[in-house]
Amino acid sequence: MKIAVVRENRQGEHRVAVVPELVGKLTALGYEVAVEPGAGERALYSDDLYRAAGADVAWGADHNATIVASVQPLERERITRLRAGTALISFLPADPLAIVRAAATAKITVFGMEFIPRISRAQSMDALSSQALVAGYRAAIVAAERLPRFFPLNMTAAGTVPPAQVVVLGAGVAGLQAIATAKRLGAVVKGYDVRAAAAEEIASMGAQPIELGLDTLEGAGGYAREMTQERAERQRQLLAPYIAAADVLITTAAVPGRQAPILVTKAMVDEMKPGSVVIDLAAESGGNVEGSVPGLEIKVGEVLLWGGANVASQMAGPASRLYGQNVLNLITLLTREGQFDPDFSDEIVAGCCVTHDGAVLHDQTRAQLSGEGPQ
Ligand code: NAD
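Analysis parameters
- Residues numbered from 1 in each chain as written.
- Predicted model: local features only at pLDDT ≥ 70, side-chain atom pairs only at ≥ 80, totals over all residues.
- Heavy atoms only, no water.
- Near = heavy atom within 4 Å.
- Polar contact = N/O pair within 3.5 Å; in protein donor to acceptor, adjacent residues only side chain to side chain.
- Areas by Shrake-Rupley, 256 points an atom, 1.4 Å probe, with all protein chains shown as cover.
- Nonpolar A, V, L, I, M, F, W, Y, C, P; charged D, E, K, R; others polar.
- Helix = DSSP H or I, 4+ residues; strand = E, 2+ residues; numbered from the N terminus.
- Buried < 20%, exposed > 50% of the residue type's maximum accessible area, 1.4 Å probe, protein only.
- Core = buried A, V, L, I, M, F, W, Y, C linked by side-chain atoms within 4.5 Å.
- Contact = heavy atoms within 4.5 Å.
- Disulfide = S-S within 2.5 Å.
- Pairing = 2+ DSSP bridges.

A. Quick look at the site of the ligand. Near the ligand, the surroundings consist of 24 residues, among which Ser129, Val173, Asp193, Arg195 and Gly222 are the closest. In the environment of the ligand, an oxygen atom lies 3.2 Å from a nitrogen or oxygen atom belonging to the backbone of Gly172. Within the complex, the protein chains bury 84% of what would otherwise be the 830 Å² of accessible surface of the ligand. Each residue belonging to the shell around the ligand can be placed in one class, and the counts come to 13 nonpolar, seven polar and four charged.

So this is what it looks like as structure tokens:
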């Protein structure tokens, strides 16, 4: 059984789906691994490293492959050229319908990494978490680098330098990692999240949970629910003094399937001290901070507003290593005795399989397709 690893084509995507150290694990399981030339180049994994690990490095790696692994989905035209029955493992685009339609028509089996269920047994395959961890770390490091002040307290003969005040909004995987990283750099950190369980998690990182006295917003599967307009307005009013006092603000708040909530208005940013830094990790899904632009650093008065775009890819080596391990664990689940043999009654397989044998199996995607009408 051949597993193919493609060179990513999307602009700004520097990760690779399988790193050389995982090639050995796959070959030890009895699989052939074929890698497109340059696939790992931008994550600093050379073709020679792949060859030394036992991979065949050549164009056309996906020819006759049983599984094709990538970070971003393959282009529609490329999917249509694959042999029926090929399995694809990748993230899907925000609007996946064109790809899903092409894959169903070509009888390609598609697994979406973002659809791996958030259950304990699936944690080793949870690429949303592994990539959010990288993004959260990077958010704190970018903030520390851009802030023209110290993060830690310094008591010197020349006087005392106070520590930076960091506020993190949204304490999921990325937010907690941003909190932990800012703490390690010596900042005084406060965190806020709408979920009740988050306060304890924020405190466990050594940060101070911000208590606003508002109702908590627990949704299904441990995720947050969307706020009403009224609650959003009240939350912004209550958060405003914390943000005005912060040297660094990091926002990571998301609600599954929805545009990110606006937690911070331009007026709130205007109240921050000159030189303060705002990192909006939610910029690509609409932004938590009014005016943030994915991939751009802009000035709002004297405050720097950094909009995240594919932030995990900015640390492509470690992000690829984690993603690759998630992919390898999924491949292990999908195969038996060296053959591709997914058990569709398994909750994880059923949860992340989008198309198989011409049918769209993923409920949410099928509902999106039927809402769209015939094409
Ligand atoms: P996410 O990326 O969907 O959202 C980030 C955070 O933003 C969440 O903590 C959310 O509560 C928060 N948020 C949403 N609206 C907000 C608002 N208006 N104001 C402030 N904060 C707001 O989250 P995630 O990192 O994917 O984690 C979501 C949940 O899933 C968490 O409870 C996490 O512990 C859980 N989780 C479980 C597993 C597992 O069991 N395998 C793995 C990862 C995460």
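B. Structural detail: unusual backbone geometry. Phi is positive for Glu337, which is not a glycine, with a value near 45 degrees. Secondary-structure assignment places Glu337 in the loop between strand E16 (335-336) and strand E17 (339-340). Of the residues examined, Glu337 reaches a relative accessible area of 83% and is grouped as exposed. One non-glycine residue with positive phi stands out, namely Asp357, at about 50 degrees. If you trace the backbone, Asp357 turns up in the loop between strand E18 (353-356) and strand E19 (359-360). For Asp357, a relative accessible area of 51% puts it in the exposed group.

C. Main features of the nonpolar core. Judged by nonpolar contacts, the single largest core of 42 residues is most densely connected at Ile89, Phe111 and Leu330. If you list the elements that add at least two residues to this core, you get strand E1 (2-5), helix H1 (20-28), strand E2 (32-35), strand E4 (67-69), strand E5 (87-90), helix H10 (316-334) and helix H11 (347-352). When residues of this core are assigned to their parent elements, the largest contribution, seven residues, is made by H10. Among residues more than four places away in sequence, those in contact with Ile89 are Ile67, Val68, Ala69, Ser70, Phe111, Met113, Tyr323, Val327, Leu330, Ile331 and Leu334.

D. Broad picture of the state of the cysteines. Tallied over the entire structure, the rule returns zero disulfides. You can see Cys352 has no disulfide; the closest cysteine sulfur is in Cys353, sitting 6.8 Å from it.

E. Quick peek at the side chain of Ser129. Here Ser129 lies in helix H5 (residues 127-146). Excluding residues that lie within four positions of it along the chain, Ser129 makes contacts with Arg118 and Val173.

F. Just the pairing of strand E14 (residues 297-300), in detail. The sheet contact formed by E14 and strand E15 (residues 303-307) spans four bridges and is antiparallel. Each residue of the ladder has a partner; that of Ile298, found in E15, is Leu305. What sits between E14 and E15 in their antiparallel hairpin is a turn of two residues, with Gly301 showing a positive phi close to 60 degrees.

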